[in-house]
Amino acid sequence: KETDSPRLRLAVQKKGRLADDTFDLLAKCGLKVRHGRSRLFARIDELPIDVLLVRDDDIPELVASGAADAGIVGGNVFEEDRLTRDGEGAVIADALGFSRCRLCVAVAKGEAYAGPAYFSGKKVATSYPGLLQSWLEESGVKDAQIVLMHGAHEIAPRLGLADAICDIVSTGATLDTNGLKVADTIYRSEALLIAAPGLDVAKAEMLGALKGRMRGALASQHA
Ligand code: ATP
Ligand code: ZN
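Residues numbered from 1 in each chain as written. Chains lettered and ligands numbered in written order. Predicted model: local features only at pLDDT ≥ 70, side-chain atom pairs only at ≥ 80, totals over all residues. Heavy atoms only, no water.

(A) Just the sheet that holds strand β8 (residues 145-148), in detail. Read across the sheet, 5 strands follow the order β8-β7-β9-β6-β10 without closing on themselves; strand pairing throughout is mixed. Of all the strands in the sheet, just β8 and β10 (180-189) have a single pairing partner and so form its edges. Each neighbouring strand pair of the sheet contributes to a mean axis angle of 30 degrees, computed without reference to strand direction. Inspection of the sheet shows strand β6 (residues 101-108) paired to strand β9 (residues 164-169) by 6 bridges, in the antiparallel sense. Looking across to β9, one finds that Val105 is bridged to Cys166. Across the face of the sheet, helix α3 (residues 75-84) comes into contact with β9 and β10 while running at roughly 80 degrees to β10. Set on the sheet, helix α4 (residues 129-138) makes contact with β6, β7 (123-126), β8, β9 and β10; between it and β10 the angle comes to about 100 degrees. (Pairing = 2+ DSSP bridges. Helix = DSSP H or I, 4+ residues; strand = E, 2+ residues; numbered from the N terminus. Axes fitted to C-alpha atoms, helices over the stretch in contact; angles between N-to-C directions. Contact = heavy atoms within 4.5 Å.)

This is the structure:
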């Protein structure tokens, strides 16, 4: 109905490492999201916001295309999308400070690692080709080969698929189990609030209001 006032469509991760903190933050903003198992869509009654519950990997494209007006996604996923896409991507509206993690390159424990030049002529398995390529270029490494994998990177060196890996590291336990060690951190990530390019004035205002609430909630949390 044309008389309906516009609603902001916010894409968030349905389930996973971003989801709990995202729903916590929305709750602290006074927004209750009823997210049943099979639900893909949740209306928020307190504000003119509809929440889309999706896989985190889909969030940059949903927001870049305008299918969603805004989203909450890891910086790693956002930057990877930005570096590998043709055409205009989503824009960062705010950094939210949670779901912090780092993207690292890791090599076999027995290797002597003295810096990025190590990767010259080496094969590196990753699901982050954009971020890895850009780090290698900034580091002056021109002849490394990137092997695209979507999971279980840690076994690639043992299988002879790659010499090293590039993946999200939290405790390092998985690396250790697989005979690997962190060599370098190539990107530090935190959750980002992102927005569709060219939001209209009404939606930009709604996003501004949401961002204000989020800042308030995050500030009281750290006080
Ligand atoms: P989905 O089913 O939505 O695709 P996923 O398995 O790809 O989920 P998660 O493991 O839930 O993703 O991680 C989502 C995001 O959480 C990561 O992209 C990253 O930004 C962040 N994160 C924070 N800590 C970690 C960690 N220890 N390991 C992996 N990701 C982490
Ligand atoms: Zn994912």
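(B) Layout of helix α1 (residues 19-28). Along α1, the positions that sit buried rather than exposed are Ala19, Thr22, Phe23, Leu25 and Leu26. The arc that holds the buried residues of α1, viewed along the axis, is 160 degrees, so those residues lie on one side. Positioned one or two residues after α1, Gly30 has a phi angle of 85 degrees, which is positive. (Buried < 20%, exposed > 50% of the residue type's maximum accessible area, 1.4 Å probe, protein only. Arc of directions from axis to C-beta.)

(C) Quick peek at the packing of α3 against α4. Across the interface, α3 lies against α4 with an axial gap of 7 Å and an inter-helix angle of 75 degrees. Put simply, α3 runs roughly perpendicular to α4. Of the residues in α4, those in contact with Asn76, Glu79, Glu80, Leu83 and Thr84 of α3 are Pro129, Gly130, Leu131 and Ser134. Taken together, the residues of the contact of α3 with α4 break down into 3 nonpolar, 4 polar and 2 charged. (Parallel < 35°, antiparallel > 145°, perpendicular 65-115°, else oblique. Nonpolar A, V, L, I, M, F, W, Y, C, P; charged D, E, K, R; others polar.)

(D) Structural view of the domain arrangement of the chain. Partitioning the chain into structural domains gives domain 1 (8-99 + 190-222) and domain 2 (101-188). The centre of domain 1, based on its C-alpha atoms, is set 29 Å off from the matching centre of domain 2. Contacts between the two partners involve 8 residues from domain 1, matched on the other side by 9 residues from domain 2. Its largest share of buried area at the contact with domain 2, domain 1 owes to Asn76, Glu80 and Leu83, together 63% of the area lost on that side. Counting the contacts that link domain 1 with domain 2 gives 0 salt bridges. Scanning the region where domain 1 abuts domain 2 turns up 4 residue pairs in polar contact (both at pLDDT 80 or more). Of the residues that constitute the side of domain 1 that touches domain 2, the class distribution is 1 nonpolar, 4 polar and 3 charged. (Domains from an automatic or database assignment. Buried area = accessible area lost by both parts, 1.4 Å probe. Salt bridge = Lys/Arg side-chain N within 4 Å of Asp/Glu carboxyl O. Polar contact = N/O pair within 3.5 Å; in protein donor to acceptor, adjacent residues only side chain to side chain.)

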